[in-house]
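Next come the chains, spelled out residue by residue.
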Amino acid sequence: MGKIEIIRGDITNSAVDAIVNAANCSLLGGGGVDGAIHRAAGRELLEECRTLHGCETGKAKITKGYKLPAKYVIHTPGPIWHGGRGGEEELLASCYRSCLTLASENGCKTVDFPSISTGVYHFPLDRATRIAVSTIKAYLDGHEEIERVRMVCFDERTREQYALVLSEYGD
């Protein structure tokens, strides 16, 4: 079974097979982690993203990492929180599953995620962490090819919430 770790850090510094970008549907860069990844990867990332013609919320697409230490970037548009009546929870779970599926298909053994949708998309952190951890754990149970998944948290509050939820699983 794979292993989940929680760290505080800057995902653009992750030397792993793939990092996940909490993208918008255009895949052409934006604010937060999306903008940071695009800046760190360089212009070639934007040029490749233009060829992908966007991505639906809950799905994922993969590109090269370019100037990043990660080999790949897996882009996933997370759901914007509208009170939970628009299928946001299932869409968020789908983001994590779609990213892990692409990671498996592309031979990635190590994957680093940000906390998808908990920034400017306002997904409640407590709900988002439970969805992320349970979805990742369920995927790893059936996919031993992925050796490690890390949640790379931008701030201490987010890291503490992920650590709390993971501890409830006995990990």
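Because the structure is predicted, anything quoted here is derived from the model rather than measured. (Residues numbered from 1 in each chain as written. Predicted model: local features only at pLDDT ≥ 70, side-chain atom pairs only at ≥ 80, totals over all residues. Heavy atoms only, no water.)

Counting its regular elements, the protein contains five helices and six strands. Secondary structure of the protein in N-to-C order comes out as β-β-α-α-β-β-α-β-α-β-α. What you see for the protein is a C-alpha radius of gyration of 14 Å, in line with the 16 Å of a compact globule of 171 residues. C-alpha extents for the protein along the principal axes are approximately 40 × 35 × 30 Å. Among the 171 residues that make up the protein, the fraction classed as buried is 52%. (Helix = DSSP H or I, 4+ residues; strand = E, 2+ residues; numbered from the N terminus. Rg over C-alpha atoms; globule rule 2.2 N^0.38 Å. Buried < 20%, exposed > 50% of the residue type's maximum accessible area, 1.4 Å probe, protein only.)

To continue, consider the pattern of salt bridges. Across all of its chains, the model carries eight salt bridges by this definition. A salt bridge links aspartate 112 to arginine 150, with the nearest nitrogen and oxygen atoms 2.7 Å apart. Separated by 38 residues along the polypeptide, aspartate 112 in strand S5 (residues 110-113) and arginine 150 in strand S6 (residues 148-153) bring together distant segments of the chain. Side by side, aspartate 112 and arginine 150 carry an identical accessibility label, which is buried. Residues arginine 130 and glutamate 168 are paired through a salt bridge, measuring 2.6 Å at the closest nitrogen-oxygen approach. Of this pair, arginine 130 sits in helix H4 (residues 125-141) while glutamate 168 sits in helix H5 (residues 156-168); the two residues are 38 residues apart in sequence, bridging distant segments of the chain. (Salt bridge = Lys/Arg side-chain N within 4 Å of Asp/Glu carboxyl O.)

What follows is about the sheet that holds S5. By way of backbone hydrogen bonds, the strands of a sheet pair with one another, either parallel or antiparallel. Spatial strand order, S1-S6-S5-S2-S4-S3: six strands in an open sheet with mixed pairing. Every interior strand has two partners, whereas the edge strands, strand S1 (3-8) and strand S3 (61-64), have only one. Across the sheet, the mean angle separating the axes of adjacent strands is 25 degrees when strand polarity is ignored. With four bridges connecting them, S3 and strand S4 (residues 72-77) associate as antiparallel partners. (Pairing = 2+ DSSP bridges. Axes fitted to C-alpha atoms, helices over the stretch in contact; angles between N-to-C directions.)

Here helix H3 (residues 88-105) contains 18 residues, and its C-alpha end-to-end distance of 26 Å stays within 8% of the 26 Å for a straight helix at 1.5 Å per residue. All buried positions along H3 are accounted for by Glu88, Leu92, Ala93, Ser94, Cys95, Tyr96, Ser98, Cys99, Leu100, Leu102, Ala103 and Ser104. Phi for glycine 107, located one or two positions after H3, is positive at around 75 degrees. (Expected span 1.5 Å × (residues − 1).)

Glancing now at the environment of histidine 82. Checked against the element boundaries, histidine 82 lands in the loop between S4 and H3. Along the sequence, histidine 82 and histidine 122 sit 40 residues apart, while their C-alpha atoms lie 8.5 Å from each other.

Within the secondary structure layout, aspartate 155 lies in the loop between S6 and H5. Judged by its relative accessible area of 28%, aspartate 155 is partly exposed.

Moving on, we get to the nonpolar core. Ile74, Tyr96, Phe113, Ile136, Met151 and Tyr162 are the most contacted members of the largest nonpolar core, which has 37 residues in total. If you list the elements that add at least two residues to this core, you get S1, strand S2 (18-23), S4, H3, S5, H4, S6 and H5. Other than its neighbours up to four places away in sequence, phenylalanine 113 contacts Ile11, Val20, Tyr96, Cys99, Leu100, Ile136, Val149, Arg150, Met151 and Val152. (Core = buried A, V, L, I, M, F, W, Y, C linked by side-chain atoms within 4.5 Å. Contact = heavy atoms within 4.5 Å.)

Okay, the side chain of threonine 12 next. Note on placement: threonine 12 falls in the loop between S1 and S2. A polar contact of 2.6 Å, which involves the side chain of threonine 12, links it to the side chain of aspartate 10. (Polar contact = N/O pair within 3.5 Å; in protein donor to acceptor, adjacent residues only side chain to side chain.)

We now examine the packing of H4 against H5. Between H4 and H5, whose axes approach to 9 Å, the crossing angle comes to 50 degrees. Classed by the angle they form, the pair H4 and H5 counts as oblique. Every pair of crossing elements has a handedness; the one defined by H4 and H5 is right-handed. Contact with H4, carried on its side by Leu125, Asp126, Ala128, Thr129, Arg130, Ala132 and Val133, involves Arg157, Thr158, Gln161, Tyr162, Val165, Leu166 and Glu168 of H5 and no other residues of that element. (Parallel < 35°, antiparallel > 145°, perpendicular 65-115°, else oblique. Left-handed = near helix turned anticlockwise from the far one by under 90°.)

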